[in-house]
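# Notes for the structure review
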Amino acid sequence: MQRGTAALLRCARFLGELQPRRISSLETARCFSGAAMQAQPSAPEGYDGTAELKRMNLFTAVNDALHIALDTDPNSYIFGEDVSFGGVFRCTTGLAERFGRHRVFNTPLCEQGIIGFGIGLAAMGSRAIAEIQFADYIFPAFDQIVNEAAKCRYRSGNQFDCGGLTIRTPYGAVGHGGHYHSQSPEAFFTHVPGLKVVVPRSPSKAKGLLLASIRDRNPTVFFEPKGLYRMAVEEVPIGDYETELGRAEVLREGSDVTVVGWGAQMLVLERACDAVEKEGVSCELIDLQTLLPWDVDTVAASVSKTGRLVISHEAPITSGFGAEIAAKIAERSFLKLEAPVARVCGLDTPFPLVFEPFYLPTESKVADAIMHTVSF
Amino acid sequence: MSSHATAATGKEGHGAGVLDFPGARFSFVNELHVVPESTPTPIPCYRVLDELGQLIPGAKYTQVSEELAVAMYRKMAVLQSMDLVFYDAQRQGRFSFYMTTAGEEAINIASGAALSDLDTIFAQYREPGVLLWRGFSMLQFAHQCFATSGDLGKGRQMPVHYGSKEHRFHTISSPLATQIPHAVGAAYHVKMSPEDACVVTYFGEGAASEGDFHGAINFAATLEVPVIFVCRNNGWAISTPAREQYRGDGIAGRGQAYGVRSLRVDGNDTLAMYSAMKAAREMAVTEERPILLEAMTYRTGHHSTSDDSSRYRGAAEIQHWKLQRDPVARFRRWLQGQGWWDDAREEELRKSARAEVIAALDTAEATDKAPLRDLFTDVYDAAPPNLVEQERQVRAHVAKHRADYPDNVPLD
Ligand SMILES: Cc1ncc(C[n+]2csc(CCOP(=O)(O)OP(=O)(O)O)c2C)c(N)n1
Ligand SMILES: [Mg+2]
């Protein structure tokens, strides 16, 4: 446990070092001001890429995005277990006080109820921002998400949709969560046509991607890396901006190997890339950001250049989203590949408490896989 | 069939007659009859002792012997010591997480004491006293919290997720209410077996909002199984007050709608809790039927060590329950009134309980964590090839990078 915490502290320090790159990456973000639904891909009035910045951790950035979402659309609501007092991770702090108990409210303790309610609310044209307290507890709502939210538009011939629904939920390892406060269930949802699946890696991404998810016209599952809520601190633009869904981001350019991940795992990958760069290996690091639909072009273009691919996620390796990436890249870039696609992932066991460091795709596991891939 | 036809044609006219429906008969009325959302008087709350531990005149309850009463009191005190010491240990960072049972000691111990050791338990997480009553040792609790090689759960789950086959206590799972339908299935097994036993499931009033509660109680009613649903209604589900959790007559009020007998009990009254649970068990076992028991109580501690309840509830409310309605102090007053307890024994008990808990914690802390092999076993009855391969890879990798992995987990 102590080791897990230490790892997170290292992550936090690491993020600090990365700040300049993170800020420049925002230049690709879609930014706008004004009413919801009028999101423009072009820069908004008054935004020239040098917007005022404020230091925020990830939960504060989420909170900031939620304030903006409610402020810019009077027809938007936030609900879930314990959201009124600010939520167990403080992401909804101050919202009930500012926007009132009719727009930010606790629900009874029932995930299928939360999502079913959200679908109905969204189907009437409201914007429904639902919180599931932990991604581990999303499964009672699986039927509502998979059979209802995802298929609402298709089955009605586009007469009805629940595109205004966004499901926020914290996911991932924290060092001491055991089976049910640690899981990364994203792959279940990437198997469902009709959903979008988004995972931010940092405070500024969390804000931009969450605002884009909330305003997207499709039901979106937004996984928040809870291990970074307090740890990750960076400069986040104040004001309203969106980071485009469906687009990966190249975090560092390189020539020997492409390394792909998302969410909190990006910090592990950054460290692994640093480690192998000391050995003379040049890594191209890509954050997928949106898993469904995912940015095949960016990854394929990179692999065409490097000829090698390493994919990493916390979820168990078998049938994880890495499998989809590997298959697609084998299809698209077969003749360019110079080594088998490597996956460094969680083990095929339930998420274990005391064995967490052994279970996870650690920096040294990733670094070993990169070295193995480049010397194949 | 003929009466259906009668109903359909309305030949009986103006509200006379009955609707003969599969499984039921309803009389007709010729005026719209709206059933109100609540009854004028909620289901009353059964108690035996008042706040001062005085027997309420005329109270009907199951007699308890001096031996049993003292044993219950002792376990309640041990449970309190365990909570105090474990809570502090967690705060000092000795292990990662803890949840106290503070305020709910009577529900834990008295309900446990009213059962037979043959009865099977499916609990939520705030019921370690049931396990304590059955003889799960302090050291076993400590091993679980420290995830040691002595933990029956092999270090895999967060603290307080106890379980013991020997004590017929199924292992705690964090997702709420999932254990409630399990209990109903288990009770069907018991019904079909020759054993005179029942199954008991515990859950909070928050968990009772989950679909699993509603499915389970409906199954129990229709399949007629010997199961006792014990709802600990402690007023709060983390920060959510009962008022935002449900309307109507609480949890007990739902029983009749499902065709299940229900009881409402003062969960802070040890004698009432014991008597109610005894009666519930008697009905469940001899009549093969489900019983819903709502125990009214209050969570006087934070939800868990991750929670700060001062953010969402007033100190006065907590103080009221701690000072005026504490179940342990109330039972002690009654015991002393009976002449079965005194201050000297109290002091001795508190001292020895504390020493026992501290010794257990120290022993568990000094014990190795569960060994690495336990990461890979029990996913299935036997490891499939992918896990055999992954274990080989992990071991080879850790051997090469020993310093990157915790040294407190033995590599055997
Ligand atoms: C399915 C599910 N949703 C959410 C949670 C998170 N959670 C853990 S305890 C809790 C509150 C439970 O309240 P209650 O059932 O009243 O029990 P109490 O804590 O009051 O004893 C919540 C929301 C969970 N464990 N499982
Ligand atoms: Mg409760």
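Computed from a prediction, not measured in an experiment: that's the story for all the values here.

Tallying secondary structure elements over chain A gives 13 helices and 16 strands in all. When each of the 376 residues of chain A is scored for burial, the buried share is 64%.

This part takes up the interface of chain A and chain B. In this assembly, 41 residues from chain A lie in contact with 49 residues from chain B. Contact between chain A and chain B buries roughly 3600 Å² in total, counting both sides, with carbon and sulfur atoms accounting for 62%. Where chain A meets chain B, there are one salt bridge. Across the pair D368(A) and K400(B) runs a salt bridge whose closest N-O atoms are separated by 3.1 Å. Where chain A touches chain B, the interface holds 18 residue pairs in polar contact (both at pLDDT 80 or more). Among the elements of the structure, α1 (2-25), α4 (111-123), α12 (356-359) and α13 (363-374) of chain A are those that each provide at least two residues to the side of chain A that touches chain B.

Six octahedral donors around a metal ideally make angles of 90 or 180 degrees; four tetrahedral donors ideally make 109.5 degrees. Residues and elements named next belong to chain B. Coordination of the magnesium ion (ligand 2) by the protein is provided by E205 (OE), E205 (OE), N234 (OD1) and W236 (O), with metal-donor distances spanning 2.1 to 2.8 Å. We note that the donor set of the magnesium ion (ligand 2) lies within a single chain, spaced as E-x28-N-x1-W. Of the two residues, E205 sits in the loop between β5 (199-204) and α7 (211-223) while N234 sits in the loop between β6 (227-233) and β7 (236-237), which places them 29 residues apart along the sequence.

Ranked by internal contacts, the top residues of the largest apolar core, which has 96 residues, are M72(B), F86(B), Y162(B), F331(B) and W334(B). No other element matches the 13 residues that helix α2 (residues 66-91) of chain B contributes to this core. F59(A), I167(A), A206(A) and V221(A) belong to the second largest nonpolar core, which has 78 residues in total.

To continue, consider unusual backbone geometry. Peptide bonds are mostly trans, and most non-glycine residues show a negative phi. Each neighbour pair has its own omega, and for L292(A) with P293(A) the value is -5°, a cis peptide bond. Along the chain, P293(A) turns up in the loop between β14 (290-292) and α10 (296-306). Even without a glycine there, the phi angle at I238(B) is positive, about 50°. Along the chain, I238(B) turns up in the loop between β7 and β8 (240-241).

This brings us to the UniProt feature "domain: Transketolase-like pyrimidine-binding" (unreviewed entry) in chain A. Per the UniProt annotation, the sites labelled "domain: Transketolase-like pyrimidine-binding" (unreviewed entry) are residues 56-231 of chain A. Each end of residues 56-231 of chain A is marked by a C-alpha atom, and these two atoms are 10 Å apart; helix forms 36% of the span and strand 18%.

Once that is clear, we can look at the confidence of the model for chain A. For chain A, the average pLDDT comes to 89, and 87% of its residues sit at 70 or higher. Every residue in residues 1-47 of chain A is under pLDDT 50, and counting partners more than four places away or in other chains gives 84 contacts.

Here we come to the site of ligand 1. In the vicinity of ligand 1 there are 22 residues, among which E111(A), Y125(B), R126(B), N234(B) and W236(B) approach most closely. Residues lining ligand 1 come from chains A and B. In the environment of ligand 1, an oxygen atom lies 2.9 Å from a nitrogen or oxygen atom belonging to the side chain of R232(B). Between W236(B) and ligand 1, the recorded distance is 2.8 Å, taken from a backbone N or O atom to an oxygen atom. Starting from 580 Å² of accessible surface for ligand 1 in isolation, the protein chains cover 97%.

Another aspect to go through is the domain arrangement of chain A. Residues and elements named next belong to chain A. When the domains of chain A are assigned, the result is domain 1 (53-237) and domain 2 (249-375). Every contact between the two is made by 27 residues of domain 1 and, on the other side, 25 residues of domain 2. The contact between domain 1 and domain 2 buries some 2000 Å² in all, and 60% of this surface belongs to carbon and sulfur atoms. Summed over the three residues of domain 1 that lose the most area to domain 2, namely T190, V199 and R201, the buried surface amounts to 28% of that side. Residue K205 is joined to E249 by a salt bridge in which the shortest nitrogen-to-oxygen separation is 2.7 Å.

Before going further, it helps to examine the packing of aromatic side chains. By convention here, two paired aromatic rings are described through the distance between centres and the angle between planes. One pass over the structure, following the stated rule, counts 32 aromatic pairs over all chains. Here the aromatic rings of F85(A) and Y312(B) are separated by 5.2 Å at their centres, their planes lie at 85°, and the arrangement is edge-to-face. Taken together, the residues span two chains, with F85(A) in the loop between β3 (76-80) and α3 (95-99) and Y312(B) in the loop between β10 (291-296) and α10 (315-324). Assigned by exposure class, F85(A) and Y312(B) land together as buried. The rings of F139(A), F142(A), Y171(A), F188(A), F189(A) and F223(A) are connected pair by pair, giving a single aromatic cluster. Directly above the aromatic system of F85(A) lies the positively charged group of R90(A), at a separation of 4.9 Å from the ring centroid.

Turning our attention to the pattern of salt bridges. Residues and elements named next belong to chain B. If you walk through the whole model with that rule in mind, you get 49 salt bridges over all chains. With a shortest N-O distance of 3.0 Å, R47 and E51 are connected by a salt bridge. Residue R47 is classed as partly exposed on the basis of its relative accessible area of 34%. When its relative accessible area of 25% is taken as the criterion, E51 is described as partly exposed. Between E51 and R325 there is a salt bridge; the shortest N-O distance is 2.2 Å. Of this pair, E51 sits in the loop between β2 (24-27) and α2 while R325 is found in the loop between α10 and α11 (327-338), placing the two residues 274 residues apart along the sequence. Since its relative accessible area comes to 13%, R325 is described here as buried. Each of R47, E51, D266, R325 and R330 takes part in salt bridges that share partners, so that together they form one network.

Analysis parameters
- Throughout, residues of each chain are indexed from 1 in the direction in which the sequence is written.
- Chains carry letters and ligands carry numbers; both start at the beginning, A for chains and 1 for ligands, and go up in the order they are written.
- Whole-chain, interface and lining totals are the exception, using all residues; otherwise, since this is a predicted model, local features are given only for residues with pLDDT of at least 70 and side-chain atom pairs are given and counted only at 80 or more.
- Excluding hydrogens and water, the side-chain values take into account all heavy atoms of the structure.
- Only DSSP runs of H or I with at least four residues qualify as helices, and only runs of E with at least two residues qualify as strands; both kinds are numbered from the N terminus onward.
- Exposure is judged per residue with a 1.4 Å probe applied to protein chains only, and the accessible area is read against the type maximum: over 50% gives exposed, under 20% gives buried, and values in between give partly exposed.
- The criterion used for residue contact is that any of the two residues' heavy atoms lie within 4.5 Å.
- By convention, the term buried area covers the 1.4 Å-probe accessible surface removed from two parts as they join, with the contributions of both added.
- Put simply, a salt bridge is a Lys or Arg side-chain nitrogen that is within 4 Å of an Asp or Glu carboxyl oxygen.
- Each polar contact in these results corresponds to two N or O atoms within 3.5 Å; when the atoms are within protein, one needs to be able to donate a hydrogen and the other to accept it, and residues that are neighboring in sequence are counted only if both atoms are side-chain atoms.
- Donor selection uses N, O and S atoms within 2.8 Å of the metal (3.2 Å for Na, K and Ca). Since no water is included, sites may look incomplete.
- As used in this record, nonpolar core signifies buried Ala, Val, Leu, Ile, Met, Phe, Trp, Tyr and Cys residues forming a set joined through side-chain atoms within 4.5 Å.
- UniProt positions are given in the numbering used here, feature names are shortened, and annotations may be inferred rather than shown by experiment.
- Every residue is assigned a pLDDT by the predictor, reflecting its confidence on a scale from 0 to 100.
- It suffices for a single heavy atom of a residue to lie within 4 Å of a molecule or strand for the residue to be listed as near it.
- All accessibility values rest on the Shrake-Rupley procedure with a 1.4 Å probe; residue burial counts only the protein chains present in the view.
- Note: domain ranges come from an automatic or database domain assignment.
- When two rings of Phe, Tyr or Trp (its six-membered ring) have centres within 6.5 Å they constitute a pair, described as stacked for plane angles under 30 degrees, edge-to-face for angles over 60, and tilted for the intermediate range.
- The rule is short: NZ of Lys or CZ of Arg within 6 Å of the ring centre and within 35 degrees of the ring normal puts a charge over the ring.

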